[in-house]
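Examination of the molecular architecture
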Amino acid sequence: MLDEDLDDIHPLFHGAPSSASFKKLRKRIVRYTREAIEQYGMIERGARWLVCLSGGKDSYTLLAVLHELQWRGLLPVELLACNLDQGQPGFPATVLPEFLEKMGVPHRIEYQDTYSIVKDKVPAGRTYCALCSRLRRGNLYRIAREEGCSAVVLGHHRDDILETFFMNLFHGGRLATMPPKLVNEEGDLFVYRPLAHVAEEDCEKFAKAMNYPIIPCDLCGSQDGLQRQQVKQILDQWEKNAPGRRQVMFRALMNARPSHLLDPKLFDFQGLATGSVKFDTDSDLPPKLR
């Protein structure tokens with residue numbers, strides 16, 4: 001169990017608000033992060049993690065919470081923060097190095113001009129996200145190998161996971177999202193998302209309260225009409241109409257029932273025999289059979 005008194009225990013938390021609301025927020029984020037780490041089996045004792053830091057609110061929250069868990073002895077791994085400077089014009093290259101030095105956080109800053117590649121390869125009017133993400137991920141995998149890390153750790157939160165699910169549903173024709181834990185295609189690195197249970201709103205409140213130096217992504221953020229933005233607007237409206245809807249939908253991703261879907265690769269419908277499956281509740285039955 002976490003201690004009730006969440007006093008400053010790491011430079012990343014110096015200057016943290018003393019209000020009851022902030023302490024509650026901080027404790028909730030720490031609890032949800034620890035929950036995801038344990039639930040999805042992310043801990044390899046003595047391992048080294050490459051914690052990816054973009055300079056956005058989510059990655060700052062990830063960095064702070066992982067260091068709190070490590071400080072408390074609840075995360076027995078070594079943490080190496082990493083920022084990949086992708087050569088975007090106007091990117092404030094000194095902000096993160098100065099911040100990490102000040103906080104005493106071990107880190108590596110890598111410069112790779114993927115910005116020029118993306119601008120050159122992506123046709124006008126198309127979104128940059130897919131190619132930008134592939135190039136970034138490839139460089140992060142390389143850095144992780146060079147640094148002897150067993151995992152690349154990303155700051156995707158609950159809402160990122162939900163948005164990806166609906167993007168796949170609406171545009172990809174599949175039920176899929178970003179998993180909290182996976183192995184890369186080469187089979188030599190884990191990819192972890194410890195903030196999988198944490199709401200985006202909590203990350204925003206936390207980073208703002210801590211006054212972390214947020215760096216916006218102007219490369220894709222400047223593009224209009226992105227599919228992810230459209231999905232986000234839909235989810236925002238649903239949440240406005242029915243507060244708590246996001247969390248209900250997220251729980252659904254953790255409660256999949258292959259026998260109640262339509263994928264014959266996940267469930268043996270051909271071999272289904274009378275008496276072989278029992279419905280958990282009447283609500284699982286079609287209306288005409290209730």
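Section: unusual backbone geometry
The phi dihedral of N211 is positive, around 60 degrees, even though this residue is not glycine. Overall, the relative accessible area of 66% leaves N211 in the exposed class.

Observations concerning the sheet that holds strand β3 (residues 107-111)
Overall, mixed pairing links the six strands, which are arranged β3-β2-β1-β4-β6-β5 in an open sheet. The open sheet terminates on both sides in strands that have one partner only, identified here as β3 and β5 (181-183). This sheet shows a mean twist of 25 degrees between the axes of neighbouring strands, independent of strand direction. Seen against the sheet, helix α2 (residues 57-71) touches β1 (48-52), β2 (78-85) and β4 (151-153) and runs at an angle of roughly 150 degrees to β1. Relative to β3, helix α3 (residues 95-103) is tilted by about 170 degrees, and along the sheet it contacts β2 and β3.

Some thoughts on the environment of Q86
Along the polypeptide, Q86 turns up in the loop between β2 and α3. Judged by relative accessible area, which is 9%, Q86 ranks as buried. The spatial distance from the C-alpha of Q86 to the C-alpha of R136 is 7.9 Å, given a sequence separation of 50 residues. Here Q86 is in contact with Q112, D113, T114, Y115, C132 and R136, once residues within four sequence places are set aside.

Some points on the nonpolar core
Grouped together as the largest cluster of nonpolar side chains are 40 residues, with contacts concentrated most on L12, W49, L63, L66, F206 and Y212. Listed by contribution, the elements that provide at least two residues to this core are α1 (20-39), β1, α2, β2, α3, β4 and α7 (200-210). If you tally residues by element for this core, the top one is α2, at seven residues. L80, Y141, I143 and C149 belong to the second-largest nonpolar core, a separate cluster that totals 14 residues.

Some remarks on a nonpolar patch on the surface
A cluster of nonpolar side chains, contributed by L169, F170, L175, I234, L261 and L262, occupies part of the molecular surface with about 570 Å² of accessible area. Summarising the element assignment, L261 is placed in the segment after α10 (245-253).

Topic: the pattern of salt bridges
Scanning the entire structure with this criterion turns up 23 salt bridges. Across the salt bridge formed by E186 and R145, the nearest N and O atoms sit 3.7 Å from each other. A residue pair is termed long-range when its members are at least 10 positions apart, and E186 in the loop between β5 and β6 (190-192) and R145 in helix α5 (residues 129-146) qualify at 41 residues. Of the charged contacts, one joins E163 and K232 as a salt bridge, the two residues approaching to 3.5 Å between their closest N and O atoms. With a gap of 69 residues between them, E163 in helix α6 (residues 158-172) and K232 in helix α9 (residues 227-241) connect regions that are remote in the sequence. Given the relative accessible area of 3%, E163 is considered buried. In the salt-bridge network here, residues are joined through shared partners; they are R48, E78, R108, E110, R142, E146 and E147.

A short note on the confidence of the model for the protein chain
Taken residue by residue, the protein chain gives an average pLDDT of 88. The fraction at 70 or more is 88%. Considering only residues more than four positions removed or in separate chains, one finds that residues 1-6, a stretch of pLDDT under 50, has 15 contacts. Below pLDDT 50 for its whole length, residues 286-290 participates in three contacts with residues either more than four positions away or in separate chains.

Let's talk about the pairing of β2
Of all the eight residues making up β2, seven are buried; the element is thus mostly covered by neighbouring parts of the structure. Of the crossover connections in this fold, the one passing from β1 over α2 to the parallel β2 is right-handed.

What about the packing of α6 against α9?
Closest axis-to-axis distance for the α6/α9 pair is 9 Å, and the angle between their directions is 110 degrees. When the axis of α6 is compared with that of α9, the two are roughly perpendicular. Note that α6 runs across α9; the crossing there is right-handed. Along its contact with α6, which presents D160, L162, E163, T164, F166, M167, F170 and H171, the element α9 presents Q227, R228, V231, K232, I234, L235 and W238. Broken down by class, the residue content of the contact of α6 with α9 amounts to eight nonpolar, three polar and four charged.

Thoughts on the environment of F267
Within the secondary structure, F267 sits in the segment after α10. Taking the relative accessible area as the measure of exposure, F267 reaches 19% and is therefore buried. The spatial distance from the C-alpha of F267 to the C-alpha of R257 is 9.4 Å, given a sequence separation of ten residues.

A look at α5
Along an α-helix, residues three or four positions apart point the same way, because every turn accommodates 3.6 residues. For α5, spanning 18 residues, the distance from its first C-alpha to its last is 26 Å, which sits close to the expected 26 Å at 1.5 Å a residue. Within α5, the full set of buried residues consists of L131, C132, R137, N139, L140, Y141, I143 and A144. Where α5 terminates, the next one or two residues include G148, which has phi positive at roughly 70 degrees.

Calculation criteria
Per chain, the residues get numbers from 1 upward, laid out in the order the sequence is written. Per-residue local features are limited, in this predicted model, to residues with pLDDT of at least 70; the limit for side-chain atom pairs, both in listing and counting, is 80 or more; totals at the level of whole chains, interfaces and linings are taken over all residues. Only hydrogens and water are removed before side-chain values are computed, so all heavy atoms of the structure are retained for them. Exposure categories follow from relative accessible area, calculated using a 1.4 Å probe and restricted to protein chains: below 20% of the type maximum is buried, above 50% is exposed, and the middle band is partly exposed. A strand pair is defined by DSSP finding two or more bridges across the two strands. Note on conventions: DSSP H or I runs of at least 4 residues are helices, E runs of at least 2 residues are strands, and numbering of each starts at the N terminus. Between N-to-C directions, angles span 0 to 180 degrees; the directions come from axes that are lines fitted to C-alpha atoms, helices contributing only their stretch in contact. Any two residues whose heavy atoms approach within 4.5 Å at even a single point are treated as in contact. Among buried residues, those of type Ala, Val, Leu, Ile, Met, Phe, Trp, Tyr and Cys that are joined through side-chain atoms within 4.5 Å constitute a nonpolar core. A patch consists of residues whose relative accessible area exceeds 30% and which take part in no salt bridge; residues with like charges are grouped when within 9 Å of each other, and nonpolar side chains (Val, Leu, Ile, Met, Phe, Trp, Tyr) when within 5 Å. Each accessible area value is a Shrake-Rupley result obtained with a 1.4 Å probe; residue values ignore everything except the protein chains displayed when judging cover. Salt bridge, as applied in this entry: a Lys or Arg side-chain nitrogen positioned within 4 Å of an Asp or Glu carboxyl oxygen. For every residue, the predictor assigns a confidence score, pLDDT, that lies between 0 and 100. Think of it like this: strands point away, you trace from the first strand over the helix to the second, and a clockwise trace means the crossover is right-handed. Comment on the angle field: the value is read as roughly parallel under 35 degrees, roughly antiparallel over 145, roughly perpendicular from 65 to 115, and oblique elsewhere. Note: crossing handedness is left-handed where the near helix turns anticlockwise from the far helix by less than a right angle, and right-handed where it turns clockwise. The nonpolar class holds Ala, Val, Leu, Ile, Met, Phe, Trp, Tyr, Cys and Pro. Asp, Glu, Lys and Arg form the charged class, and all remaining residues, Gly among them, are polar. Here, expected helix span is obtained from the residue count minus one, scaled by 1.5 Å.

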